[in-house]
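One letter stands for each residue in the lines below.
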Number of protein chains: 2
Amino acid sequence: MARISDVAARAGVSTATVSRALNGKSTVDRELVARVQKAADELGYQPNGPARNLRRQEAAVVALIISDVENPFFTAIARGVEDVAHEVGYSVVLCNSDESAEKENRYIDIAIQERVAGVILSPTATTSSVGKLADRGTAFVAVDRPLPSQESDVVLVDTRLAARQATAHLVAQGYERIGCITGPVGVRTADDWLAGYRDALKSAKRRSTTKLVRRTEYKATGAYRAAVELLGQVEPPDALLIANSAMAVGVLRALQEHGIRPGRDVGLVAFDDAPWAELVDPPLSVVAQPAYEIGTVAARLLLARITDNTRPPSTTTLGARLIERGSSRR
Amino acid sequence: MARISDVAARAGVSTATVSRALNGKSTVDRELVARVQKAADELGYQPNGPARNLRRQEAAVVALIISDVENPFFTAIARGVEDVAHEVGYSVVLCNSDESAEKENRYIDIAIQERVAGVILSPTATTSSVGKLADRGTAFVAVDRPLPSQESDVVLVDTRLAARQATAHLVAQGYERIGCITGPVGVRTADDWLAGYRDALKSAKRRSTTKLVRRTEYKATGAYRAAVELLGQVEPPDALLIANSAMAVGVLRALQEHGIRPGRDVGLVAFDDAPWAELVDPPLSVVAQPAYEIGTVAARLLLARITDNTRPPSTTTLGARLIERGSSRR
DNA sequence: GTGAAAGCGCTAACAA
DNA sequence: TTGTTAGCGCTTTCAC
């Protein structure tokens, strides 16, 4: 594979000049730049990244570690991050931690080893691996969930408020026994969803009971089981608040099997808008998260922190938007 | 950040011994290995990736370049690739080419620059950038679509057969005027889908007419427009074959707006199973692709090719499975 | 079984 | 403006 010295030889200049020319340093003669460029093209020269990164002590790469590649919420964040990062010449590598603290830890190690410029991650519950990033002075930003034990920039959605509004909406629609299905204990977003639900019940002077609450992994099957349990009780809920769209799939499946019609029999509001939400019958009411925007904001914060890692940690909270559709109207 | 020489000093050995110990070379004394490991842990030593890769002339990383991160088909492939790669100590970085030849080209350049061990990609239509990989001897495998102008390992689904079976099913159900919505001209999978559709019509002694065919990008909005057009004709189709699940969303939306009921009024079969396919009313008939398996097979081929790049190119074709649901029954 | 030392390809400090 | 050269941190001969 062609090296910088090959280009230098072909262009009849030194390797330093090639480096300067190819990296757009102003201090190179116009004509030489052209000659170098030509030589590089002819040889199909691609700079050796490891050598460059070794020398520069940093790679123009940001790592994005998300907890579920199959969740559209996170892939939308990824798009936001990519768009901003590419504008300023950074590449984005996507890593899937799959809600596993071990995989997250592994990817953090890789990010450190590869000396990436920064890391954006949606931390898993038990995370302590990010401490390593802080120790080494690698810039990082948390999205979707704050870090349990670490000060950092973080971009959140006001999940608690979103759940509160969604619940209040169900109350206003006349539902009496509102249940809640949310994520695992310890996942901040899941806790907030529950807290917002309780806030709203309290405001409405309703008693909240643990009989109507289920916590499970953020997947369709967990939510399916939770829904079956809830609906099998002597006093089943007449409405459900669901913490993400994968879970909504599970709940809808359970209702379908039990011949229960959303809206009329059981009011439904889910977190996250999904492309199919309007296609089910009746259409699913949702609280839409500004996922793409989370990504762009996080990327900008990261870039700022790469430039200056001494800036004080900031928290950005974005709002979610309730979209009322048929599943929450009798 | 701690370097290998720091570890060496702390353990009272040479850097060579640290390197050998940490990389599990057999030729190091047991006791020394322990001492080195201890020193490394105490210092929180993380090897410098660029330095290592520069020296080794290769990174234990495979790049996976997919054409749409928001498409569940591709994220499922990603999981398959990850699972196999991790087993043998390779990391996977995911890159989103977004169906753009330019982005694909950019990511291929990055992969080359970073000296990754191999590349798996779903090539965009106009791709010629992969030639660079071949030129440099970087191992690569194509998934979902073959490369237009390049011999390589490739893992495909028998799209043509899948479309043929789906169409035959619609014929058997008594639909008379079957239309087809598929992807852009030049995308092999899209062409195959159309070819299979025509095969089946021919076998059934039906005339196929371009009036019932629409080609558009693999997105909901494109398919929406296509469906509106098709259904607005004087002799509209009474069944539709749809080339992926995002497109199915667009088509279902169009039918909904026109008050047309799937199954009864217009038979429907889509490519790709989606989690929500059973939730719409009536449930959507689909041809399910073995996406995860495509990923595992591709990863294994890539690993084999990393080991021996002289092996002859192979083509693996996996079958798809027709799942009949309500949308294709009158 | 272990250490000394060369060198991977690049960039940047310094010299001219 | 351009060239010379040191050195980033690691792995791997080669010598002992």
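Note that residues are indexed from 1 along each chain, following the sequence as it is written. Lettering for chains starts from A, numbering for ligands starts from 1, and both go in the order in which the items are written. Per-residue local features are limited, in this predicted model, to residues with pLDDT of at least 70; the limit for side-chain atom pairs, both in listing and counting, is 80 or more; totals at the level of whole chains, interfaces and linings are taken over all residues. As a rule here, side-chain values cover all heavy atoms of the structure and leave hydrogens and water aside.

Chain A carries the name LacI family transcriptional regulator in an unreviewed UniProt entry, which gives Kribbella voronezhensis as its organism.

### Looking at the overall build of chain A
Counting its secondary structure elements, chain A contains 12 helices and 12 strands. Put simply, the radius of gyration uses C-alpha atoms, and a globule should come to 2.2 Å times the residue count raised to 0.38. Computed over the C-alpha atoms, the radius of gyration of chain A is 25 Å, more than 25% above the 20 Å expected from 2.2 N^0.38 for a compact globule of 330 residues. Taken over the C-alpha atoms alone, chain A extends approximately 85 × 40 × 30 Å along its principal axes. Contacts: residue pairs with any heavy atoms within 4.5 Å of one another. Long-range pairs, those at least 24 residues apart, make up 67% of the contacts in chain A with a sequence separation of at least 6. Counting every atom, chain A has about 13900 Å² of accessible surface; 48% of that belongs to carbon and sulfur. Helix and strand assignments come from DSSP, with helices taken as H or I runs of at least 4 residues and strands as E runs of at least 2, each series counted from the N terminus. Methods summary: accessible areas were calculated by the Shrake-Rupley approach with a probe of 1.4 Å, and residue burial reflects only the protein chains presented.

### Regarding the domain arrangement of chain A
Each domain span listed reflects an automatic or database assignment of domains. Along its sequence, chain A is carved into domain 1 (1–54), domain 2 (55–157 + 291–319) and domain 3 (159–289 + 322–328). Taking the mean C-alpha position of each, domain 1 of chain A and domain 3 of chain A sit 59 Å from one another.

### Regarding the pattern of salt bridges
Salt bridge, as applied in this entry: a Lys or Arg side-chain nitrogen positioned within 4 Å of an Asp or Glu carboxyl oxygen. Tallied over the full model, the rule gives 44 salt bridges over all chains. When the shortest N-O distance is used, the salt bridge between D68 of chain B and R79 of chain A registers 3.4 Å. Of this pair, D68 of chain B sits in the loop between β1 (59–66) and α5 (72–87) while R79 of chain A sits in helix α5 (residues 72–87), which puts the two residues in different chains. The same class applies to D68 of chain B and to R79 of chain A, which are both buried. With a shortest N-O distance of 3.2 Å, D265 of chain B and R264 of chain B are connected by a salt bridge. Using a 1.4 Å probe on the protein chains alone, a residue whose accessible area is under 20% of its type maximum counts as buried, one over 50% counts as exposed, and one in between counts as partly exposed.

### Focus on empty space enclosed by the protein
Each cavity reported here is a set of points on a 1 Å grid over the protein atoms alone in which a 1.4 Å probe fits but cannot get out, each pocket an open set with protein on both sides within 12 Å along at least five of seven lines, and each lining residue one with an atom within 4 Å of a point. Grid points are joined across faces, edges and corners, and a volume is the space filled by probe spheres set on the points. Going through the model one piece at a time under the given rule, you end up with two cavities of 30 Å³ or more. Here the largest cavity is characterised by a volume of approximately 450 Å³. V61 and V93 of chain A together with V61, V93 and E114 of chain B are the residues nearest the centre of the largest cavity, which is lined by 29 residues in total. At the level of elements, α4 (49–56), β1 (59–66), β2 (91–96) and α6 (101–113) of chain A together with α4 (49–56), β1, β2 (91–96) and α6 (101–113) of chain B are the ones that each hand at least two residues to the lining of the largest cavity. Residue composition of the lining of the largest cavity, by class: 23 nonpolar, four polar and two charged. Taken as a whole, the second largest cavity spans an internal volume of roughly 40 Å³. Looking at the second largest cavity, the residues that line it are V62, V81, V84, A85, I120, A299, L302 and L303 of chain B. Among the secondary structure elements, those contributing two or more residues to the lining of the second largest cavity are α5 and α12 (291–307) of chain B. In terms of residue class, the lining of the second largest cavity is built from eight nonpolar, no polar and no charged. We call Asp, Glu, Lys and Arg charged. Ala, Val, Leu, Ile, Met, Phe, Trp, Tyr, Cys and Pro are nonpolar, and the rest, Gly among them, are polar.

### Details of the protein's contact with DNA strand D
Taken together, 25 residues are adjacent to DNA strand D, and T17 and D29 of chain A together with I4, Y45 and R55 of chain B come closest. For DNA strand D, the fraction of atoms within 4 Å of the protein that belong to sugar or phosphate moieties is 65%. One of the side-chain N or O atoms of R20 of chain A is found 2.8 Å from a base nitrogen in DNA strand D. Contacts to DNA strand D include A51 of chain B, whose backbone N or O atom sits 3.3 Å from a base nitrogen. Elements supplying a minimum of two residues to the surface near DNA strand D: α2 (15–22) and α4 of chain A together with α2 (15–22) and α4 of chain B. Counting residues per element, the surface near DNA strand D draws most heavily on α4 of chain B, at four residues. Grouping the constituent residues of the surface near DNA strand D by class yields 10 nonpolar, seven polar and eight charged. Here, proximity means that at least one heavy atom of the residue falls within 4 Å of the molecule or strand. Pairs of N or O atoms are called polar contacts if they sit within 3.5 Å, as long as, within protein, a hydrogen donor faces a hydrogen acceptor (for residues adjacent in sequence, only side-chain-to-side-chain pairs).

### As for the protein's contact with DNA strand C
Around DNA strand C sit 25 residues, and of these I4, Y45 and R55 of chain A together with T17 and D29 of chain B come closest. A distance of 2.7 Å is found between a phosphate oxygen of DNA strand C and a side-chain nitrogen or oxygen belonging to S19 of chain A. Along the lines of polarity and charge, the residues of the surface near DNA strand C split into 10 nonpolar, seven polar and eight charged.

### So, the relation of the copies chain B and chain A
When the copies are superposed, the least-squares fit draws on C-alpha atoms of residues that have pLDDT of at least 70 in both. You can overlay chain B on chain A at an RMSD of 0.1 Å; the transform is a turn of 180 degrees with a shift of 0.0 Å along its axis. What the superposition gives is, in effect, a two-fold axis relating one chain to the other. When the interface residues of chain B are mapped onto chain A, 100% of them again lie at the interface, so the same face is used by both copies.

### Section: the sheet that holds strand β9 (residues 267–271) of chain A
Residues and elements named next belong to chain A. In this analysis, strands are considered paired if DSSP registers two or more bridges between them. The six strands are arranged β7-β6-β8-β9-β10-β12 in an open sheet whose pairing can be described as mixed. The open sheet has two edge strands, β7 (213–215) and β12 (321–323), and neither has a second partner. The average angle at which neighbouring strand axes cross in this sheet is 15 degrees, direction not considered. Direction of pairing for strand β6 (residues 178–182) relative to β7: parallel, over a ladder of three bridges. Within the sheet, the bridge partner assigned to I181 lies in β7 and is R214. Set on the sheet, helix α9 (residues 188–203) makes contact with β6, β7, β8 (239–242), β9 and β10 (285–288); between it and β6 the angle comes to about 170 degrees. To define axes, lines are fitted to C-alpha atoms, for helices over the stretch in contact only, and angles between the resulting N-to-C directions are given on a 0 to 180 degree scale.

### As for the nonpolar core
By nonpolar core we mean a set of buried residues, namely Ala, Val, Leu, Ile, Met, Phe, Trp, Tyr and Cys, connected to one another through side-chain atoms within 4.5 Å. Ranked by internal contacts, the top residues of the largest apolar core, which has 163 residues, are W276 of chain A together with W276 of chain B. Leave out the neighbours within four places in its chain, and W276 of chain B touches W276 of chain A together with S245, A248, V249, L252 and L284 of chain B.

### Here we look at unusual backbone geometry
Residue and element names in this part refer to chain A. Cis peptide bonds are those with omega within 30 degrees of zero, and the linkage from D281 to P282 qualifies with -5 degrees. Checked against the element boundaries, P282 lands in the loop between β9 and β10. One non-glycine residue, Q57, lies in the positive phi region at around 65 degrees. Relative to the elements of secondary structure, Q57 occurs in the loop between α4 and β1. Judged by its relative accessible area of 54%, Q57 falls in the exposed class. Located in the positive-phi region is D272, a residue other than glycine, with phi close to 85 degrees.

### What about helix α3 (residues 30–43) of chain B?
Residue and element names in this part refer to chain B. Every helix has an expected span of 1.5 Å times one less than the residues it contains. Counted at 1.5 Å a residue, the expected span for α3 with its 14 residues is 20 Å, and the 20 Å between its end C-alpha atoms agrees. Along α3, the residues classified as buried are L32, V36, A39 and A40. Along the long axis of α3, the arc covered by the buried residues comes to 100 degrees, so they all point the same way. For α3, the exposed residues set more than 90 degrees away from the buried face come down to R30, K38 and D41. For this quantity, the arc is that covered by the directions from the helix axis to the C-beta atoms.

### A look at the UniProt feature "domain: HTH lacI-type" (unreviewed entry) in chain A
Under the local residue numbering, the UniProt record ascribes the feature "domain: HTH lacI-type" (unreviewed entry) to residues 2–56 of chain A. Between the C-alpha atoms that bound residues 2–56 of chain A the distance is 20 Å, and the span itself is 69% helix and 0% strand. UniProt positions are given in the numbering used here, feature names are shortened, and annotations may be inferred rather than shown by experiment.

### A few points about the environment of N244 of chain A
Residues and elements named next belong to chain A. The residue N244 is located in the loop between β8 and α11 (245–257) in this model. Sequence separation of N244 and T216 is 28 residues, and the distance between their C-alpha atoms is 11 Å. Once you skip the residues sitting within four places of it in the chain, N244 turns out to touch N71, Y218, F271 and D272. From its side chain, N244 meets the backbone nitrogen of M247 in a polar contact 2.9 Å long.

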